[in-house]
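These are the residues of each chain, in order.
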Amino acid sequence: MSSMNPVPVTPEAIRSAPKVLLHDHLDGGLRPATVIELAEANGYRELPTSDVGELGRWFSEAADSGSLVRYLETFAHTCGVMQSTDALVRVAAECAEDLAADGVVYAEVRYAPELFCENGLSLDTIVEAVQEGFRVGTARALESGRRIRIGTLLCAMRQNARSLEIAELAVRHRDTGVVGFDIAGPEAGFPPTRNLDAFEYLRQQNAHFTIHAGEAFGLPSIWEALQHCGAERLGHGVRIVDDIKVDDDGTVHLGRLASYVRDRRIPLEMCPSSNVQTGAAPSIAEHPIGLLTKLRFRVTVNTDNRLMSGCSMSSEMATLVDQFGYGWADLQWFTINAMKSAFIGFDERLAIINTIIKPGYAALTS
Ligand SMILES: O=c1[nH]cnc2c1ncn2[C@H]1C[C@H](O)[C@@H](CO)O1
Ligand SMILES: [Zn+2]
(Lines give C-alpha, C1' and ligand atoms only; values in the text may rest on other atoms or scores of the structure.)
(Ligands and ions follow the chains in the order given, each with its own letter.)
Protein backbone atom coordinates (compact mmCIF):
# COMPACT_ATOMS: atom_id res chain seq x y z
CA MET A 1 0.00 0.00 0.00
CA SER A 2 1.43 3.42 -0.85
CA SER A 3 1.56 6.25 1.65
CA MET A 4 -0.34 9.53 1.15
CA ASN A 5 2.76 11.73 1.33
CA PRO A 6 6.26 11.32 -0.05
CA VAL A 7 8.57 9.69 2.47
CA PRO A 8 11.47 12.03 3.41
CA VAL A 9 14.76 11.02 1.74
CA THR A 10 16.50 9.87 4.92
CA PRO A 11 19.31 7.28 5.12
CA GLU A 12 16.84 4.69 6.52
CA ALA A 13 14.34 5.32 3.73
CA ILE A 14 17.12 5.06 1.14
CA ARG A 15 18.06 1.68 2.63
CA SER A 16 14.52 0.49 2.10
CA ALA A 17 14.40 1.64 -1.55
CA PRO A 18 15.32 -0.87 -4.29
CA LYS A 19 18.86 -0.26 -5.54
CA VAL A 20 21.03 -1.62 -8.34
CA LEU A 21 24.81 -1.93 -8.07
CA LEU A 22 27.01 -2.57 -11.12
CA HIS A 23 30.50 -1.96 -9.75
CA ASP A 24 31.44 -3.72 -6.51
CA HIS A 25 34.65 -5.71 -5.90
CA LEU A 26 34.26 -8.96 -3.95
CA ASP A 27 37.75 -8.57 -2.45
CA GLY A 28 36.93 -4.97 -1.51
CA GLY A 29 33.77 -5.78 0.44
CA LEU A 30 34.71 -8.17 3.24
CA ARG A 31 33.42 -7.59 6.76
CA PRO A 32 36.36 -6.60 8.99
CA ALA A 33 35.42 -9.39 11.43
CA THR A 34 35.56 -11.93 8.61
CA VAL A 35 39.03 -10.75 7.56
CA ILE A 36 40.23 -11.38 11.11
CA GLU A 37 38.54 -14.78 11.47
CA LEU A 38 39.81 -16.00 8.10
CA ALA A 39 43.32 -14.78 8.91
CA GLU A 40 43.27 -16.78 12.15
CA ALA A 41 41.83 -19.88 10.50
CA ASN A 42 44.31 -19.82 7.62
CA GLY A 43 47.46 -18.73 9.42
CA TYR A 44 47.68 -15.37 7.64
CA ARG A 45 49.94 -13.22 9.84
CA GLU A 46 50.26 -9.95 7.93
CA LEU A 47 47.19 -8.08 9.24
CA PRO A 48 48.01 -4.68 10.79
CA THR A 49 45.69 -5.40 13.78
CA SER A 50 43.32 -8.09 15.02
CA ASP A 51 40.82 -5.65 16.53
CA VAL A 52 37.65 -5.43 14.40
CA GLY A 53 37.02 -1.71 14.83
CA GLU A 54 40.67 -0.81 14.32
CA LEU A 55 40.93 -2.98 11.22
CA GLY A 56 37.92 -1.32 9.61
CA ARG A 57 39.48 2.10 10.28
CA TRP A 58 42.88 0.90 9.06
CA PHE A 59 41.43 -0.10 5.67
CA SER A 60 39.66 3.19 5.08
CA GLU A 61 42.63 5.25 6.27
CA ALA A 62 45.20 3.29 4.25
CA ALA A 63 42.96 3.48 1.17
CA ASP A 64 42.58 7.23 1.70
CA SER A 65 45.93 7.80 0.05
CA GLY A 66 45.24 10.05 -2.92
CA SER A 67 46.81 7.42 -5.19
CA LEU A 68 45.25 4.42 -6.92
CA VAL A 69 48.46 2.42 -6.64
CA ARG A 70 48.63 2.84 -2.84
CA TYR A 71 44.88 2.27 -2.55
CA LEU A 72 45.35 -1.07 -4.31
CA GLU A 73 48.02 -2.16 -1.80
CA THR A 74 45.30 -2.69 0.82
CA PHE A 75 43.94 -5.62 -1.24
CA ALA A 76 46.98 -7.72 -0.30
CA HIS A 77 45.24 -8.42 3.03
CA THR A 78 41.79 -9.26 1.70
CA CYS A 79 43.20 -11.47 -1.06
CA GLY A 80 45.64 -12.93 1.49
CA VAL A 81 42.76 -14.41 3.51
CA MET A 82 40.78 -15.63 0.46
CA GLN A 83 43.09 -18.44 -0.66
CA SER A 84 40.80 -21.43 0.06
CA THR A 85 37.45 -22.54 -1.34
CA ASP A 86 35.86 -22.27 2.13
CA ALA A 87 36.99 -18.67 2.43
CA LEU A 88 35.71 -17.82 -1.07
CA VAL A 89 32.31 -19.40 -0.38
CA ARG A 90 32.00 -17.52 2.90
CA VAL A 91 33.07 -14.14 1.50
CA ALA A 92 30.70 -14.45 -1.46
CA ALA A 93 27.80 -15.58 0.74
CA GLU A 94 28.29 -12.66 3.13
CA CYS A 95 28.58 -10.28 0.19
CA ALA A 96 25.15 -11.37 -1.09
CA GLU A 97 23.64 -11.11 2.40
CA ASP A 98 25.14 -7.67 3.08
CA LEU A 99 23.99 -6.25 -0.25
CA ALA A 100 20.50 -7.70 0.19
CA ALA A 101 20.26 -6.30 3.73
CA ASP A 102 21.16 -2.90 2.26
CA GLY A 103 18.22 -3.07 -0.16
CA VAL A 104 20.22 -3.93 -3.29
CA VAL A 105 17.95 -5.96 -5.58
CA TYR A 106 20.42 -6.58 -8.40
CA ALA A 107 24.22 -6.48 -8.16
CA GLU A 108 27.12 -7.27 -10.43
CA VAL A 109 30.02 -8.27 -8.21
CA ARG A 110 33.52 -8.58 -9.67
CA TYR A 111 36.83 -10.10 -8.68
CA ALA A 112 40.06 -11.34 -10.28
CA PRO A 113 40.29 -15.16 -10.05
CA GLU A 114 44.04 -15.01 -10.75
CA LEU A 115 44.55 -13.44 -7.30
CA PHE A 116 43.33 -16.56 -5.47
CA CYS A 117 45.75 -19.14 -6.92
CA GLU A 118 48.49 -18.79 -4.26
CA ASN A 119 47.73 -22.18 -2.68
CA GLY A 120 47.19 -23.98 -5.95
CA LEU A 121 43.43 -23.54 -6.51
CA SER A 122 42.56 -23.73 -10.21
CA LEU A 123 40.76 -20.82 -11.88
CA ASP A 124 37.67 -22.97 -12.48
CA THR A 125 37.57 -24.11 -8.84
CA ILE A 126 37.76 -20.49 -7.72
CA VAL A 127 34.86 -19.46 -9.96
CA GLU A 128 32.76 -22.41 -8.78
CA ALA A 129 33.43 -21.58 -5.10
CA VAL A 130 32.37 -17.96 -5.54
CA GLN A 131 29.22 -18.99 -7.42
CA GLU A 132 28.40 -21.43 -4.62
CA GLY A 133 28.83 -18.60 -2.10
CA PHE A 134 26.45 -16.35 -4.03
CA ARG A 135 23.89 -19.18 -4.14
CA VAL A 136 24.16 -19.71 -0.38
CA GLY A 137 24.00 -15.98 0.38
CA THR A 138 21.03 -15.24 -1.89
CA ALA A 139 19.15 -18.21 -0.38
CA ARG A 140 19.82 -16.97 3.16
CA ALA A 141 18.75 -13.46 2.17
CA LEU A 142 15.52 -14.84 0.74
CA GLU A 143 14.84 -16.68 4.00
CA SER A 144 14.99 -13.33 5.78
CA GLY A 145 12.65 -11.78 3.24
CA ARG A 146 15.11 -10.08 0.88
CA ARG A 147 15.30 -11.04 -2.78
CA ILE A 148 18.58 -10.27 -4.56
CA ARG A 149 19.89 -11.37 -7.95
CA ILE A 150 23.67 -11.38 -8.40
CA GLY A 151 25.62 -11.50 -11.66
CA THR A 152 29.38 -12.07 -11.55
CA LEU A 153 32.05 -10.23 -13.53
CA LEU A 154 35.53 -11.70 -13.84
CA CYS A 155 38.42 -9.22 -13.84
CA ALA A 156 41.84 -9.65 -15.36
CA MET A 157 44.57 -7.59 -13.69
CA ARG A 158 46.11 -5.01 -16.03
CA GLN A 159 49.67 -5.61 -14.76
CA ASN A 160 49.52 -9.38 -15.40
CA ALA A 161 49.24 -10.83 -18.87
CA ARG A 162 46.38 -13.28 -18.34
CA SER A 163 43.43 -11.44 -19.84
CA LEU A 164 42.70 -13.90 -22.68
CA GLU A 165 42.77 -16.80 -20.24
CA ILE A 166 40.37 -14.97 -17.90
CA ALA A 167 38.11 -13.99 -20.80
CA GLU A 168 37.90 -17.68 -21.76
CA LEU A 169 37.14 -18.54 -18.14
CA ALA A 170 34.28 -16.01 -18.12
CA VAL A 171 32.79 -17.50 -21.28
CA ARG A 172 33.12 -21.04 -19.86
CA HIS A 173 31.03 -20.03 -16.85
CA ARG A 174 28.54 -17.78 -18.66
CA ASP A 175 25.62 -20.17 -18.10
CA THR A 176 26.23 -20.49 -14.36
CA GLY A 177 26.18 -16.85 -13.31
CA VAL A 178 29.21 -15.11 -14.85
CA VAL A 179 27.69 -12.28 -16.88
CA GLY A 180 30.75 -10.33 -18.00
CA PHE A 181 34.42 -9.35 -17.91
CA ASP A 182 36.49 -6.35 -16.80
CA ILE A 183 40.08 -5.26 -16.46
CA ALA A 184 41.18 -3.76 -13.14
CA GLY A 185 44.38 -2.70 -11.36
CA PRO A 186 46.76 0.19 -11.96
CA GLU A 187 45.62 2.26 -14.94
CA ALA A 188 48.62 4.51 -15.66
CA GLY A 189 51.17 2.59 -17.73
CA PHE A 190 48.74 -0.25 -18.49
CA PRO A 191 46.46 0.92 -21.31
CA PRO A 192 43.48 -1.31 -22.12
CA THR A 193 44.84 -2.00 -25.62
CA ARG A 194 47.40 -4.37 -24.02
CA ASN A 195 44.47 -6.81 -23.84
CA LEU A 196 43.10 -6.55 -27.37
CA ASP A 197 43.15 -10.30 -27.93
CA ALA A 198 40.86 -10.80 -24.92
CA PHE A 199 38.39 -8.16 -26.09
CA GLU A 200 38.42 -9.49 -29.64
CA TYR A 201 37.65 -12.97 -28.29
CA LEU A 202 34.81 -11.68 -26.07
CA ARG A 203 33.19 -9.79 -28.94
CA GLN A 204 33.33 -12.89 -31.12
CA GLN A 205 31.64 -14.82 -28.32
CA ASN A 206 28.90 -12.17 -27.99
CA ALA A 207 30.05 -11.66 -24.40
CA HIS A 208 29.78 -8.48 -22.33
CA PHE A 209 32.60 -6.42 -20.87
CA THR A 210 33.30 -3.19 -19.06
CA ILE A 211 36.71 -1.58 -18.56
CA HIS A 212 38.08 0.48 -15.65
CA ALA A 213 39.01 3.68 -17.52
CA GLY A 214 39.28 7.39 -16.83
CA GLU A 215 39.98 6.92 -13.12
CA ALA A 216 43.74 7.35 -12.64
CA PHE A 217 44.39 8.27 -16.28
CA GLY A 218 42.58 10.60 -18.63
CA LEU A 219 40.76 10.77 -21.95
CA PRO A 220 43.12 8.52 -23.98
CA SER A 221 42.28 5.64 -21.65
CA ILE A 222 38.53 6.17 -22.15
CA TRP A 223 38.95 6.56 -25.90
CA GLU A 224 40.97 3.34 -26.18
CA ALA A 225 38.53 1.43 -23.99
CA LEU A 226 35.61 2.40 -26.24
CA GLN A 227 37.07 2.72 -29.71
CA HIS A 228 39.87 0.13 -29.74
CA CYS A 229 38.56 -2.39 -27.23
CA GLY A 230 34.79 -2.05 -27.62
CA ALA A 231 33.82 -1.68 -23.95
CA GLU A 232 30.06 -1.50 -23.35
CA ARG A 233 30.43 0.41 -20.09
CA LEU A 234 33.13 2.45 -18.34
CA GLY A 235 34.34 1.66 -14.82
CA HIS A 236 34.41 5.15 -13.25
CA GLY A 237 34.91 7.17 -16.46
CA VAL A 238 35.13 10.34 -14.33
CA ARG A 239 37.78 11.96 -16.51
CA ILE A 240 35.24 12.30 -19.33
CA VAL A 241 34.73 15.76 -17.78
CA ASP A 242 38.10 16.74 -19.28
CA ASP A 243 36.24 16.78 -22.62
CA ILE A 244 33.49 19.09 -21.36
CA LYS A 245 33.75 22.88 -21.06
CA VAL A 246 31.29 25.02 -19.17
CA ASP A 247 31.40 28.77 -19.88
CA ASP A 248 30.86 31.37 -17.16
CA ASP A 249 27.31 31.90 -18.45
CA GLY A 250 26.61 28.17 -18.11
CA THR A 251 26.85 27.25 -21.79
CA VAL A 252 28.14 23.68 -22.12
CA HIS A 253 30.47 22.45 -24.87
CA LEU A 254 30.94 18.71 -25.29
CA GLY A 255 34.02 17.47 -27.14
CA ARG A 256 33.63 14.63 -29.63
CA LEU A 257 34.44 11.88 -27.15
CA ALA A 258 32.10 13.25 -24.47
CA SER A 259 29.37 13.61 -27.12
CA TYR A 260 29.91 10.03 -28.20
CA VAL A 261 29.66 8.76 -24.65
CA ARG A 262 26.45 10.68 -24.02
CA ASP A 263 24.86 10.06 -27.44
CA ARG A 264 25.52 6.32 -27.34
CA ARG A 265 24.28 6.16 -23.73
CA ILE A 266 27.54 4.55 -22.55
CA PRO A 267 26.97 3.71 -18.87
CA LEU A 268 29.34 5.38 -16.40
CA GLU A 269 29.91 3.25 -13.29
CA MET A 270 30.63 6.11 -10.91
CA CYS A 271 32.01 5.45 -7.42
CA PRO A 272 32.16 8.80 -5.60
CA SER A 273 33.78 7.82 -2.27
CA SER A 274 36.40 5.64 -3.92
CA ASN A 275 37.26 8.44 -6.34
CA VAL A 276 37.90 10.87 -3.50
CA GLN A 277 40.18 8.31 -1.79
CA THR A 278 42.27 7.67 -4.93
CA GLY A 279 42.43 11.37 -5.81
CA ALA A 280 40.30 10.98 -8.98
CA ALA A 281 37.98 13.67 -7.53
CA PRO A 282 38.82 16.38 -4.97
CA SER A 283 35.65 15.90 -2.88
CA ILE A 284 32.13 14.53 -3.21
CA ALA A 285 30.76 18.06 -3.65
CA GLU A 286 33.17 18.65 -6.56
CA HIS A 287 32.75 15.17 -8.02
CA PRO A 288 31.98 15.23 -11.78
CA ILE A 289 28.87 13.12 -11.09
CA GLY A 290 27.02 16.40 -10.39
CA LEU A 291 27.71 17.87 -13.84
CA LEU A 292 27.34 14.54 -15.67
CA THR A 293 23.96 13.94 -14.03
CA LYS A 294 22.79 17.44 -14.95
CA LEU A 295 23.87 16.78 -18.56
CA ARG A 296 21.99 13.45 -18.52
CA PHE A 297 24.88 11.15 -19.23
CA ARG A 298 23.98 7.50 -18.42
CA VAL A 299 25.21 7.86 -14.82
CA THR A 300 25.06 5.01 -12.29
CA VAL A 301 26.05 5.11 -8.60
CA ASN A 302 28.29 2.39 -7.17
CA THR A 303 30.31 1.39 -4.13
CA ASP A 304 33.56 0.07 -5.71
CA ASN A 305 34.99 -1.23 -2.40
CA ARG A 306 32.69 -1.17 0.61
CA LEU A 307 35.45 -2.13 3.05
CA MET A 308 38.05 0.37 1.84
CA SER A 309 35.52 3.19 1.58
CA GLY A 310 33.51 2.20 4.66
CA CYS A 311 30.42 2.66 2.52
CA SER A 312 27.32 0.86 1.28
CA MET A 313 25.06 1.42 -1.69
CA SER A 314 22.64 3.38 0.48
CA SER A 315 25.34 5.43 2.21
CA GLU A 316 26.72 6.38 -1.21
CA MET A 317 23.26 7.53 -2.31
CA ALA A 318 22.67 9.34 1.00
CA THR A 319 25.95 11.22 0.56
CA LEU A 320 24.87 12.35 -2.91
CA VAL A 321 21.47 13.44 -1.56
CA ASP A 322 23.29 15.43 1.08
CA GLN A 323 25.82 17.05 -1.29
CA PHE A 324 23.68 17.63 -4.39
CA GLY A 325 20.15 17.83 -2.99
CA TYR A 326 18.92 14.83 -4.96
CA GLY A 327 15.42 13.48 -4.34
CA TRP A 328 13.59 10.21 -5.02
CA ALA A 329 13.24 10.99 -8.74
CA ASP A 330 17.02 11.24 -9.07
CA LEU A 331 17.63 8.06 -7.07
CA GLN A 332 15.12 6.19 -9.20
CA TRP A 333 16.80 7.56 -12.33
CA PHE A 334 20.25 6.29 -11.18
CA THR A 335 18.67 2.93 -10.34
CA ILE A 336 16.88 2.51 -13.67
CA ASN A 337 20.01 3.68 -15.52
CA ALA A 338 21.93 0.91 -13.76
CA MET A 339 19.31 -1.74 -14.43
CA LYS A 340 19.15 -0.81 -18.12
CA SER A 341 22.95 -1.14 -18.28
CA ALA A 342 23.23 -4.53 -16.56
CA PHE A 343 24.77 -7.47 -18.41
CA ILE A 344 21.80 -9.81 -17.93
CA GLY A 345 19.15 -10.28 -20.62
CA PHE A 346 16.68 -7.60 -21.67
CA ASP A 347 13.60 -9.44 -20.45
CA GLU A 348 15.04 -9.93 -16.98
CA ARG A 349 16.17 -6.28 -16.76
CA LEU A 350 12.74 -5.09 -17.81
CA ALA A 351 11.03 -7.36 -15.29
CA ILE A 352 13.14 -5.96 -12.43
CA ILE A 353 12.44 -2.38 -13.53
CA ASN A 354 8.68 -2.91 -13.85
CA THR A 355 7.96 -5.25 -10.97
CA ILE A 356 10.51 -4.12 -8.35
CA ILE A 357 12.11 -0.73 -9.01
CA LYS A 358 9.16 1.34 -10.24
CA PRO A 359 6.69 0.05 -7.63
CA GLY A 360 9.35 0.48 -4.93
CA TYR A 361 9.91 4.15 -5.69
CA ALA A 362 6.20 4.75 -6.32
CA ALA A 363 5.50 3.57 -2.77
CA LEU A 364 7.98 6.12 -1.43
CA THR A 365 6.77 9.09 -3.45
CA SER A 366 2.99 8.83 -3.78
O1 LIG B 1 38.96 1.44 -8.43
C2 LIG B 1 39.69 0.52 -8.80
N3 LIG B 1 40.48 0.69 -9.89
C4 LIG B 1 41.27 -0.29 -10.37
N5 LIG B 1 41.37 -1.49 -9.78
C6 LIG B 1 40.63 -1.70 -8.68
C7 LIG B 1 39.78 -0.74 -8.15
N8 LIG B 1 39.19 -1.25 -7.06
C9 LIG B 1 39.67 -2.50 -6.91
N10 LIG B 1 40.54 -2.76 -7.89
C11 LIG B 1 41.33 -3.98 -8.08
C12 LIG B 1 41.83 -4.58 -6.78
C13 LIG B 1 41.19 -5.93 -6.73
O14 LIG B 1 42.08 -6.90 -6.21
C15 LIG B 1 40.86 -6.22 -8.18
C16 LIG B 1 39.80 -7.24 -8.43
O17 LIG B 1 38.67 -7.06 -7.65
O18 LIG B 1 40.48 -4.95 -8.68
ZN1 LIG C 1 36.64 -0.74 -9.36
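Note that residues are indexed from 1 along each chain, following the sequence as it is written. Each chain takes a letter, starting from A, and each ligand takes a number, starting from 1, following the order in which they are written. At least 70 in pLDDT is required for a residue's local features to be given in this predicted model, at least 80 for side-chain atom pairs to be given and counted, and no such filter applies to totals for whole chains, interfaces and linings, which use all residues. To get the side-chain values, all heavy atoms of the structure are used, and hydrogens and water are removed first.

A. Molecular detail of the site of ligand 1. For this description, a residue counts as near a given molecule or strand if any of its non-hydrogen atoms is within 4 Å of it. What surrounds ligand 1 is a group of 16 residues, the closest being His 25, Asp 27, Gly 185, Glu 215 and Asp 304. Between ligand 1 and the protein, one listed contact pairs an oxygen atom with a side-chain N or O atom of His 25 at 2.7 Å. Counting of polar contacts relies on pairs of N or O atoms within 3.5 Å, with two restrictions inside protein: one atom must be capable of donating a hydrogen and the other of accepting it, and residues adjacent in sequence are counted only when both atoms are side-chain atoms. Between a nitrogen atom of ligand 1 and a side-chain N or O atom of Asn 305, the distance comes to 3.0 Å. Its residues assigned to classes, the shell around ligand 1 comprises eight nonpolar, five polar and three charged. Residues are sorted three ways: Asp, Glu, Lys and Arg are charged, Ala, Val, Leu, Ile, Met, Phe, Trp, Tyr, Cys and Pro are nonpolar, and all the rest, Gly among them, are polar.

B. How the structure looks around the pairing of strand 6 (residues 233-236). Two strands qualify as a pair provided DSSP detects at least 2 bridges between them. Numbering of helices and strands runs from the N terminus, with a helix taken as a DSSP run of H or I at least four residues long and a strand as a DSSP run of E at least two residues long. Here strand 5 (residues 210-213) pairs with strand 6 via four bridges, running parallel. Along strand 6, the bridge assignment pairs Ile 211 with Leu 234. Viewed with both strands pointing away, a crossover whose connecting path from the first strand over the helix to the second turns clockwise is right-handed. Tracing the backbone out of strand 5, into helix 10 (residues 219-228) and back to the parallel element strand 6 gives a crossover that is right-handed.

C. Up close: the confidence of the model for the chain. Values of pLDDT, ranging from 0 to 100, describe the predictor's confidence in every residue of the model. Summarising the model, the chain shows a mean pLDDT of 97, and 99% of its residues fall at 70 or more. The ipTM assigned to the predicted complex is 0.99, against a pTM of 0.97.

D. Spatial organisation of the coordination of the zinc ion (ligand 2). The donor definition counts N, O and S atoms within 2.8 Å of each metal and applies 3.2 Å to Na, K and Ca; water is not among these atoms, so some sites may look incomplete. Around the zinc ion (ligand 2), the protein contributes the donor atoms His 23 (NE2), His 25 (NE2), His 212 (NE2) and Asp 304 (OD), at 2.1 to 2.2 Å from the metal centre. Counting residues between consecutive donors of the zinc ion (ligand 2) along the chain gives the motif H-x1-H-x186-H-x91-D. A residue pair is termed long-range when its members are at least 10 positions apart, and His 25 in strand 1 (residues 19-25) and His 212 in strand 5 qualify at 187 residues. No difference in accessibility class separates His 25 from His 212, as the two residues are buried. Each residue is placed in one exposure class: buried if its accessible area under a 1.4 Å probe, protein chains only, is under 20% of its type's maximum, exposed if it is over 50%, and partly exposed if it falls in between.

E. View of the UniProt feature "active site" (unreviewed entry) in the chain. UniProt positions are given in the numbering used here, feature names are shortened, and annotations may be inferred rather than shown by experiment. In the numbering used here, UniProt assigns the feature "active site" (unreviewed entry) to Glu 215. Note that Glu 215 resides in the loop between strand 5 and helix 10. Look past the residues within four positions of Glu 215 in its chain and what remains in contact with it is Leu 68, Glu 187, His 236, Val 238, Arg 239, Ser 274, Asn 275, Thr 278, Ala 280 and Asp 304. Contacts are assigned to residue pairs that have any heavy atoms within 4.5 Å of one another.

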